[in-house]
Amino acid sequence: MALMFFNGGAMRGEPLHHLLAGSPFVTTAKTAPKYRFYAVGDQCPALYPVSHGGAPVTGEVYDVSLDALRDKVLPSEPHELELGVVELADGSSAFAMLLRRPYTSHVALRDITEIGDWRAFKASA
């Protein structure tokens, strides 16, 4: 099992939450303030690590089996994202989906760092 931070469509009440069936919810959490937060084509969120100018981002942590990660979660992610490791506000680490580096997609990015919450961004759009 691996801890994974989700900040978009797989959170409770969101359309991809079914992908986490059987994965125990651990806690709500925020990242350390080391990330910029983007809306990728206004369809999904993406974290991007930065050395300065970051902010905390809200999400949920689940204990996901590596099989579920391989077979369910990763195949459902857009190609603009890649698996990485983030630092949470409490100093611990978790897997998360990050903006692919280098970013080569033609899909527009919107910086939503100041909002810091995917649900709040969707509600404001």
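Computed from a prediction, not measured in an experiment: that's the story for all the values here.

1. What to know about the environment of Leu 83
Mapped onto the elements of the fold, Leu 83 is located in strand 6 (residues 81–87). Classification of Leu 83 by relative accessible area gives partly exposed; the value is 35%. A C-alpha to C-alpha distance of 15 Å links Leu 83 and Gly 9, two positions 74 residues apart in sequence.

2. Remarks on the nonpolar core
Within the largest apolar cluster, 17 residues are counted, with the highest numbers of intra-cluster contacts made by Met 4, Phe 6, Leu 20, Val 64 and Val 73. Sorting the residues of this core by element identifies strand 1 (2–6), strand 3 (35–40), strand 4 (44–49), strand 5 (58–64), helix 1 (66–76) and strand 7 (93–99) as the ones contributing at least two each. Considering every element that reaches this core, the biggest residue donor is helix 1, with three residues. If we skip the residues at most four places from it in the chain, Met 4 touches Glu 60, Val 61, Tyr 62, Val 64, Leu 69, Val 73, Leu 83, Ala 94, Phe 95, Ala 96 and Met 97. The next biggest cluster of nonpolar side chains, apart from the first, holds 16 residues, and it includes Ala 29, Val 61, Ile 112 and Trp 118.

What counts and what doesn't
- Residues numbered from 1 in each chain as written.
- Predicted model: local features only at pLDDT ≥ 70, side-chain atom pairs only at ≥ 80, totals over all residues.
- Heavy atoms only, no water.
- Helix = DSSP H or I, 4+ residues; strand = E, 2+ residues; numbered from the N terminus.
- Buried < 20%, exposed > 50% of the residue type's maximum accessible area, 1.4 Å probe, protein only.
- Core = buried A, V, L, I, M, F, W, Y, C linked by side-chain atoms within 4.5 Å.
- Contact = heavy atoms within 4.5 Å.

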